[in-house]
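# Observations on chain architecture
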Amino acid sequence: MIKYVFIVLYANDNGDGGTFALYSLISRYAKVSLIPNQQAEDAMVSNYGLDIVSAPMRRAQWMKKRLENSEVAKVAIFLLTILGTSMVISDGVLTPAISVLSAVSGLQQKAPQLKQGQIVLISVFILVVLFSVQRFGTDRVGYAFAPIILLWFLCIGGIGFYNLIRYDVGVLRAFYPKYIVDYFKRNGKDAWISLGGILLCFTGTEAMFADLGHFNVRAVQTSFSFVLFPAVSLAYIGQAAFLRKHPEHVLDTFYRSIPGPMFWPTFIIAVAAAIIASQAMISGAFSIIQQSQTLGCFPRVKVVHTSKLYEGQVYIPEVNFVLGLLCVIITLAFQTTTDIGHAYGICVTSVMIITTILMVIVMLLIWRVSIWLIIPFCLAYGFVEFVYLSAVLYKFTEGGYLPIVIATVMVVMMGVWHYVHVKKYWYELEHIVTNESMRQLIQTHGVKRIPGVGFLYTELVQGISPIFPHLIEKIPFVHSVLMFVSIKHLPIPHVEVSERFLFRNVESKTSRMFRCVARYGYSDKLEGAKEFAASLIEGLQSHIEEGHFITDMQIQETEAQTASTGDGDARPRKAGSSTVYVEEVLTAGETTVLTQPRLSSYSAHSSGRISEEQTRTIAEEKQFIQRELQKGVIYILGETEIKAGPDSSFVKKIVVNYMYSFLRKNFRQGEKAFAIPRQQVLKVGMVYEI
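Since this is a predicted model, take the numbers as computed values, not measurements. (Residues numbered from 1 in each chain as written. Predicted model: local features only at pLDDT ≥ 70, side-chain atom pairs only at ≥ 80, totals over all residues. Heavy atoms only, no water.)

## With respect to the overall build of the chain
Secondary structure summary: the chain contains 26 helices and 11 strands in total. The burial tally for the chain puts 52% of its 690 residues in the buried class. For the chain, restricting intrachain contacts to residue pairs at least 6 apart in sequence, the fraction spanning at least 24 positions comes to 82%. A total of about 31800 Å² of accessible surface is found on the chain, and carbon and sulfur atoms cover 62% of it. (Helix = DSSP H or I, 4+ residues; strand = E, 2+ residues; numbered from the N terminus. Buried < 20%, exposed > 50% of the residue type's maximum accessible area, 1.4 Å probe, protein only. Contact = heavy atoms within 4.5 Å. Areas by Shrake-Rupley, 256 points an atom, 1.4 Å probe, with all protein chains shown as cover.)

Here it is as structure tokens:
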């Protein structure tokens, strides 16, 4: 409770929680991302919200440099993040199974003729229904969640208080710390093993942090402190008092300790609460996978936003099917909650340990807390969590292997995808097409312009992808208006629409070729092709208008920044109150325009009044773009086939040529991911040897 509710919750990333939120928070303060696509303009996004990591705090500066200069540290942080993510997804498989099965097992108290196999089948039926209704969205059933959960806590708290008074108030003496010492002295190894069962008493806090995006910190702290914690504590204290009089019922204490008239209401509420707990973990798994996908750590899947009112409520059909199938298989295979509990414990403790490690980095790098506070946090929680992990690992062969198998598959899949994703980005970066190369390319091949607007999608935020010269060499025709579009996901949950687009001219202002970086947070929804094109054209027209307001003074300022930073050098530059890393430096011939009112007013005021000729030119350019837009839009996608180079190692060839290729062929392709109409897609095939 102290660790998560009063410490970790404050390490949220603009309201989002979980291991990926911690990773994105760290990557904003230090250059730990494996993909070098950071730009100075990113720091102007209002949600970025950094403080400068500066010289007065030598420890933070030292930590920052160590992380940025160590590839091992970058890879280690990334692996910890995807391991924690994989464990939470495993949690999403195990929580429905153990919650529903344990709740339904109460039927045997009133119907002892029911066999365990029948209890399992009833549980499977509930699970199938639960996963079937996911497509309707959380908000459709969410209105019933709060009253049911409140009833659940009042119910178990009230029953616990009743049992405490009725059976043995003396169990309150167990709060005296001496008894835990006596317990370990008396039981030795068995006491250590029993920690694996005790662990289940405080699971859920790691899931609460992962689901933070649906609530604010104060709401969680209030409800946890004044409702959840007292109710759960009373429930366990009451069960302990019951067991003092009825130790033979240790295997089914909860339902045995319910007073007779309260059994059926409690049973119904218990099943409903189990379904809600399962729903929370399933929704959390969807959100985490969406975050992983947008940050290039997961293959493309279909993400459906189920609510128009609330952000973050998503449904992923493929993932829902796999989670549901695994959940049913586990329930049928294990039959009881005992072995599932062993597996569940490994998930929980693994995520807790990873959170502790990432929190130490946050404390050192971002919060800059005194080292005398960090050391006790690390030692206390690290020690306790490793002790609990060792206890549940003792039951590895009795179900504990399950989350490790699931997490291993997930880590391998995410690791392979991200590894090739990074290699592909570096390949394009090394074969970048500059403005000068563009001029030579167009002149050499006698490129002709054809009617319409072309959007060429690329992951590069610097320069032009090698896909373009490959296209020109085969077909020397381009559209009258050509836009090189990069979809870039910043390590923040949301980017305001007014701050979404960054434009640059390509080759020259008269070429009508542009580059656009469309920036999204990892929780933002990608629009459909039609809406995206409309927003892009609107932003382009603003860019054309702003381009005529660039003054000599602004160009000189850009040149001075270029000279001080150095071409292509990724050195830190401060923008606003943030420290970012410039991967691309603008030259005097290029312009950068954010579609923000504040920059528009700045440009207009700095350049004074514009002439009638400029006004006419702007109007003509806008009209030309509108005419070409009406003639049609074509979406050009690079269909790159990634191959390991001939000199690559055997392992690399297996990873790239087979594992990545398998993932790519069995997940969604680009036009489906961007919701582009098939009849408007032009694919350009090219082989990258990495």
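Don't stop here, the text continues.
## Observations concerning the nonpolar core
Formed by 155 residues in total, the largest nonpolar core has its most connected members in Leu-67, Met-438 and Phe-468. Looking at which domains feed residues into this core, each of domain 1 (1-420) and domain 2 (432-555 + 612-689) supplies at least three. Excluding residues that lie within four positions of it along the chain, Leu-67 makes contacts with Ala-30, Val-32, Ala-73, Lys-74, Ile-77, Ile-361 and Leu-365. Formed by 27 residues, the second largest nonpolar core is a distinct cluster that contains Phe-455, Ala-529, Ala-533 and Leu-536. (Core = buried A, V, L, I, M, F, W, Y, C linked by side-chain atoms within 4.5 Å. Domains from an automatic or database assignment.)

## Quick look at the environment of Ile-357
Locating Ile-357 in the fold gives a position in helix H16 (residues 337-367). Separated by 277 residues in the primary sequence, Ile-357 and Leu-80 have C-alpha atoms spaced 8.8 Å apart.

## Here's the deal with the pattern of salt bridges
It is possible for side chains bearing opposite charge to pair when their charged atoms get close. The tally for this structure, following the rule as stated, stands at 13 salt bridges. Between Glu-621 and Arg-512 there is a salt bridge, with its nearest N and O atoms 3.2 Å apart. Placement of Glu-621 in helix H24 (residues 612-631) and of Arg-512 in the loop between strand E5 (501-505) and strand E6 (513-521) is noted, with a sequence separation of 109 residues between them. Taking relative accessible area as the criterion, Arg-512 reaches 24% and is therefore assigned partly exposed. Between Glu-628 and Lys-631 there is a salt bridge, and its shortest N-O distance comes to 3.2 Å. Taken together, the residues span about one helical turn, with Glu-628 and Lys-631 both in helix H24 at a distance of three residues. With relative accessibility at 3%, the residue Glu-628 sits in the buried group. Note on Lys-631: relative accessible area 52%, which makes it exposed. (Salt bridge = Lys/Arg side-chain N within 4 Å of Asp/Glu carboxyl O.)

## Thoughts on a nonpolar patch on the surface
Residues Phe-161, Ile-165, Val-169, Leu-172 and Phe-175 make up a contiguous nonpolar surface patch of about 510 Å² in total accessible area. Structurally, Phe-161 can be placed in helix H8 (residues 145-167). (Patch = residues over 30% accessible without salt bridge, like charges linked within 9 Å, V, L, I, M, F, W, Y side chains within 5 Å.)

## Considerations on helix H15 (residues 317-334)
Between its terminal C-alpha atoms H15 stretches 26 Å, which fits the 26 Å expected from 18 residues at 1.5 Å a residue. What H15 keeps buried is the set Val-319, Asn-320, Leu-323, Gly-324, Cys-327, Val-328, Ile-330, Thr-331 and Phe-334. Taken down its axis, H15 places every buried residue within 160 degrees of arc, on the same side. Turned more than 90 degrees away from the buried face of H15, the exposed residues are Phe-321 and Ala-333. Buried-residue contacts for H15 involve helix H4 (71-104), helix H6 (116-132), helix H14 (263-294), strand E2 (314-315), H16 and helix H18 (401-430). Remark: Gln-335 follows H15 within two positions and exhibits a positive phi of approximately 70 degrees. (Expected span 1.5 Å × (residues − 1). Arc of directions from axis to C-beta.)

## Some details on the packing of aromatic side chains
If you walk through the whole model with that rule in mind, you get 26 aromatic pairs. Both rings, one in Phe-468 and one in Phe-484, keep their centres 5.1 Å apart while their planes meet at 85 degrees; by these two values the pair is edge-to-face. Here Phe-484 lies in strand E4 (residues 477-490) and Phe-468 lies in helix H20 (residues 467-474), a separation of 16 residues in the sequence. By relative accessible area, Phe-484 is classed as buried at 2%. Residues Phe-501 and Phe-532 carry aromatic rings whose centres are separated by 6.2 Å and whose planes lie at 65 degrees to one another, so their mutual orientation is edge-to-face. You can see Phe-501 sitting in strand E5 and its partner Phe-532 sitting in helix H21 (residues 529-547), a full 31 residues away along the chain. Considered together, Phe-501 and Phe-532 belong to a single accessibility category, that of buried residues. Members of the aromatic cluster, connected to one another through ring pairs, are Trp-152, Phe-254, Tyr-255, Phe-263, Trp-264 and Phe-267. Sitting over the ring of Phe-263, Lys-110 keeps its end group 5.1 Å from the ring centre. Against the face of Phe-624 rests Arg-512, its NZ or CZ located 3.8 Å from the ring centre. (Phe/Tyr/Trp six-rings, centres within 6.5 Å; stacked < 30°, edge-to-face > 60°. Lys NZ or Arg CZ within 6 Å of the ring centre and 35° of its normal.)

## Here we look at the packing of H6 against H15
Two elements in contact, H6 and H15, have axes separated by 10 Å at closest approach and are oriented at 175 degrees. With respect to their mutual orientation, H6 and H15 come out roughly antiparallel. Residues Val-120, Leu-121, Ser-123, Val-124, Leu-127, Val-128 and Phe-131 of H6 lie in contact with H15, whose contacting residues are Asn-320, Leu-323, Gly-324, Cys-327, Val-328, Thr-331 and Leu-332. Looking at the contact of H6 with H15 residue by residue, the class counts come to 10 nonpolar, four polar and no charged. (Axes fitted to C-alpha atoms, helices over the stretch in contact; angles between N-to-C directions. Parallel < 35°, antiparallel > 145°, perpendicular 65-115°, else oblique. Nonpolar A, V, L, I, M, F, W, Y, C, P; charged D, E, K, R; others polar.)

## Brief notes about the side chain of Thr-19
Tracing the chain through its elements places Thr-19 in helix H2 (residues 19-29). If sequence neighbours within four positions are ignored, Thr-19 has contacts with Thr-81, Gly-84, Thr-85, Ile-354, Thr-355 and Leu-358.

## A short note on the environment of Val-656
For Val-656, the location among the structural elements is in helix H25 (residues 650-666). Exposure remark for Val-656: the relative accessible area of 0% places this residue in the buried category. The spatial distance from the C-alpha of Val-656 to the C-alpha of Tyr-419 is 9.0 Å, given a sequence separation of 237 residues. Setting aside its immediate chain neighbours within four residues, Val-656 contacts Tyr-419, Val-420, Ile-642, Lys-643, Ala-644, Ser-661 and Ile-690.

## Details of the confidence of the model for the chain
Considering every residue of the chain, the mean pLDDT works out to 81; 85% of them sit at 70 or more. Across residues 550-608 the pLDDT falls below 50, and counting only partners more than four positions away or on other chains, this stretch makes 121 contacts in the model. (pLDDT = per-residue confidence, 0-100.)

## Comments concerning unusual backbone geometry
Phi is positive for Gln-335, close to 70 degrees, though the residue is something other than glycine. Relative accessible area serves as the criterion here: at 28%, Gln-335 is assigned to the partly exposed category. In this model, Arg-368 sits at a positive phi of 55 degrees, which is unusual for a non-glycine residue. Structurally, Arg-368 is set in the loop between H16 and helix H17 (371-393). By relative accessible area, which is 22% here, Arg-368 ends up partly exposed.

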